[in-house]
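# Results of the structural survey
Here is what each chain is made of, one letter per residue.
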Amino acid sequence: MVFSSNIFLFLFLPVFLGLYYLTPFRHRSWIILLGSYAFYAWWRVDFLLLFVAVTIWNYLIGLGVHRAGIGTARARRWVAVGVAGDLATLGYFKYANFGVESLNEIFLSLGYQAPELAHIILPIGISFYIFQAISYVVDVYRGDTEPTRRFVDFAAFIALFPQLIAGPVLRYKDLADQFTDRTHTLDKFGEGAIRFMQGFVKKVFIADSIAPLADGAFALSDPSTADAWLGILAYTAQLYFDFSGYSDMAIGLGLMMGFRFMENFRQPYISQSITEFWRRWHISLSSWLRDYLYIPLGGNRKGTFGTYRNLLLTMLLGGLWHGANWTFLLWGAWHGGLLAIERALGIGAGASTFRVGRWALTFLFIMLGWVTFRATSIGEAFSFYQAMFRFDGLSLSAAYLQDIRGLNLAILALAYLVVLMMGLKERLTWSPAPAFADRMRAALPTVLVPVFMLAVLKLSAESFSPFLYFQF
């Protein structure tokens, strides 16, 4: 089940919220858990058993770590066993096919018959809930959070359906208090509903309208330079509005349930360095990689070479987390290398003035990285790069034009106008007068609700609208 579906909007969500608010607070974790399991099982019931097993495993590991004592050798063994189990689960389901296919290519290149093995289905959302489980175990070991004594609260945290499929990557220590005491007010619910509608419009009205431009360009066997640049501009906008739209919807649903999640995006395309980009893009993942991978590897405490090595390893593993493909490793290496170069040049994320040249170069580097992120193979990625820099004219090819509509181009222009306006607001740190701001907030529902309804009609006409990050 996805947020951008009629079954979610008109059946699951109203029924869930009705049951949730009719249930006394002390029992609402059960409603969250059962509702989230129903949400997940809508995809496949059998993988719900794996989900439950991971939850029980990490709950017991957390109790074992706590009983062993913070910082003790026995606690470290508990953590090692727990994290090893989590990574083994993730490795098997997400990377076994990749490993087998890579070995098969080697066998075939040497003239041997490749072995045939059963194809393993990737459980949806496994990358997100495994990372959340690992952070819980590590935080208990570090003494950053107490292990929950109520299994239902921990299970509800892991299963919390707003962020279950594509994040943000939450940490139990940030939500522990909210499970025991959170507020439910009409204002908070209304804030959540507005945020949900904003995300829905981002996804369905903008990202889905841009998608044909990106898909068409990457499907061409021999794109022109104009095809390639229009395609990557479209994908750059599509990915942002798709994923930030999902995050907005997740945050909005959380508010409707009384939870306040961390922000996951903060105008990333106004960044003036890759270092700044990673403080604005997928913030929950970048902070997770920093706290649970980069710092444990030694961070910047191992000298200059060690710092560069740790940056590269962190981004390589971050790229691999996104998918089992050499393209994601290349994307991770690209960002890791750029971060290391910026560290060597003393370029950080705290530029006080906006420099158009630095911004343009950063945006170009981001787009070049998105090529490997979108391509299905290294060969396809480099063919696309070749098309981008072949400079064979400014005309779009006939094969590309036949799938392009004027509305697609208009929505793409609108998307970048929104990015520009929000970016200027962020850079200029402009704050309207309180009275004007109040009038703007009051007028927002009047403008947003009709656009949301149009997006719902668009969704109904198209019947299905999957999120890009579901594949990761």
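Structure's up top.
Residues numbered from 1 in each chain as written. Predicted model: local features only at pLDDT ≥ 70, side-chain atom pairs only at ≥ 80, totals over all residues. Heavy atoms only, no water.

A word on helix H1 (residues 6-22). For H1, spanning 17 residues, the distance from its first C-alpha to its last is 23 Å, which sits close to the expected 24 Å at 1.5 Å a residue. The largest bend along H1 reaches roughly 35° and is located at Phe12, with the proline Pro14 sitting one to four residues downstream. Turning to H1, its buried residues number three or more, namely Phe8, Leu9, Phe12, Leu13, Phe16, Leu17 and Tyr20. (Helix = DSSP H or I, 4+ residues; strand = E, 2+ residues; numbered from the N terminus. Expected span 1.5 Å × (residues − 1). Bend = angle between axes of the 7 residues up to and from the residue. Buried < 20%, exposed > 50% of the residue type's maximum accessible area, 1.4 Å probe, protein only.)

Attention shifts here to the packing of aromatic side chains. If you walk through the whole model with that rule in mind, you get 65 aromatic pairs. Summarising the aromatic geometry, the rings of Phe363 and Tyr416 are spaced 6.4 Å apart at their centres and angled 90° between planes, so their arrangement reads as edge-to-face. Placement of Phe363 in helix H15 (residues 356-374) and of Tyr416 in helix H18 (residues 406-428) is noted, with a sequence separation of 53 residues between them. On the basis of relative accessible area, Tyr416 is assigned to the partly exposed category, the value being 22%. Above the face of the Tyr20 ring, Arg28 is positioned so that its terminal group lies 5.0 Å from the ring centre. The lysine or arginine in question, Lys94, covers the ring of Trp321, its NZ or CZ lying 5.3 Å from the ring centre. (Phe/Tyr/Trp six-rings, centres within 6.5 Å; stacked < 30°, edge-to-face > 60°. Lys NZ or Arg CZ within 6 Å of the ring centre and 35° of its normal.)

By the secondary structure assignment, Gly190 is in helix H9 (residues 186-219). Considered as a pair, Gly190 and Gly252 are 62 residues apart in the sequence and their alpha carbons are 9.1 Å apart.

Below, the discussion takes up the environment of Ile120. Its location among the elements puts Ile120 in the loop between helix H4 (73-109) and helix H5 (126-142). Accessibility expressed as a relative area gives 13% for Ile120, which makes it buried. Spatially, the C-alpha atom of Ile120 lies 8.1 Å from that of Lys94, the residues being 26 residues apart in sequence. Apart from residues no more than four positions distant in its own chain, Ile120 is found in contact with Tyr92, Phe93, Ala96 and Asn97. (Contact = heavy atoms within 4.5 Å.)

Its place among the elements puts Lys202 in helix H9. Residue class for Lys202 comes out buried when judged on its relative accessible area of 19%. There is a polar contact of 2.9 Å between the side chain of Lys202 and the side chain of Asp248. Residues within four places of Lys202 in sequence aside, it is in contact with Ala207, Tyr240, Phe241, Ser244, Gly245 and Asp248. (Polar contact = N/O pair within 3.5 Å; in protein donor to acceptor, adjacent residues only side chain to side chain.)

Glancing now at a positive patch on the surface. A cluster of basic residues, Arg67, Arg74, Arg76, Arg77 and Arg149, forms a positive patch on the protein surface. If you tally residues by element for the positive patch, the top one is H4, at three residues. Summarising the element assignment, Arg77 is placed in helix H4. (Patch = residues over 30% accessible without salt bridge, like charges linked within 9 Å, V, L, I, M, F, W, Y side chains within 5 Å. Areas by Shrake-Rupley, 256 points an atom, 1.4 Å probe, with all protein chains shown as cover. Salt bridge = Lys/Arg side-chain N within 4 Å of Asp/Glu carboxyl O. Lys, Arg positive; Asp, Glu negative; His and termini not counted. Charge placed at Lys NZ, Arg CZ, Asp CG, Glu CD.)

Here we come to the pattern of salt bridges. Summed over all chains, the structure comprises 15 salt bridges. Residues Asp392 and Arg390 are paired through a salt bridge, measuring 3.2 Å at the closest nitrogen-oxygen approach. Residue classification places Asp392 among the partly exposed positions, given a relative accessible area of 42%. The structure contains a network of salt bridges with shared partners spanning Arg195, Lys202, Asp248 and Glu263.

Phi angles above zero are rare outside glycine, and His282 is one such case at about 45°. Its location among the elements puts His282 in the loop between helix H11 (274-277) and helix H12 (283-297). Owing to a relative accessible area of 0%, His282 belongs among the buried residues under this scheme. Although it is not a glycine, Phe391 sits at a positive phi angle of roughly 50°. Within the secondary structure layout, Phe391 lies in the loop between helix H16 (378-388) and helix H17 (398-401).

It is worth spelling out the packing of helix H13 (residues 303-322) against helix H14 (residues 326-345) at this point. Between H13 and H14, the least distance of the axes is 7 Å, while the angle of their chain directions is 155°. Considered as vectors, H13 and H14 are oriented roughly antiparallel to each other. The element H13 and its partner H14 pack so that their crossing is right-handed. Two secondary-structure elements touch here, H13 through Thr307, Tyr308, Leu311, Leu312, Met315, Leu316, Gly319, Leu320 and His322 and H14 through Phe328, Leu329, Trp331, Gly332, Ala333, His335, Gly336, Gly337, Leu339, Ala340, Arg343 and Ala344. Here the residues of the contact of H13 with H14 sort into 13 nonpolar, seven polar and one charged. (Axes fitted to C-alpha atoms, helices over the stretch in contact; angles between N-to-C directions. Parallel < 35°, antiparallel > 145°, perpendicular 65-115°, else oblique. Left-handed = near helix turned anticlockwise from the far one by under 90°. Nonpolar A, V, L, I, M, F, W, Y, C, P; charged D, E, K, R; others polar.)

Within the largest apolar cluster, 145 residues are counted, with the highest numbers of intra-cluster contacts made by Phe3, Phe8, Tyr129, Phe200, Trp281 and Trp370. Take this core: its biggest share by element is 17 residues, from helix H10 (residues 225-256). Not counting residues up to four positions away in its chain, the partners in contact with Phe200 are Phe3, Ser4, Leu9, Phe205, Met249, Phe452, Ala455, Val456 and Leu459. (Core = buried A, V, L, I, M, F, W, Y, C linked by side-chain atoms within 4.5 Å.)

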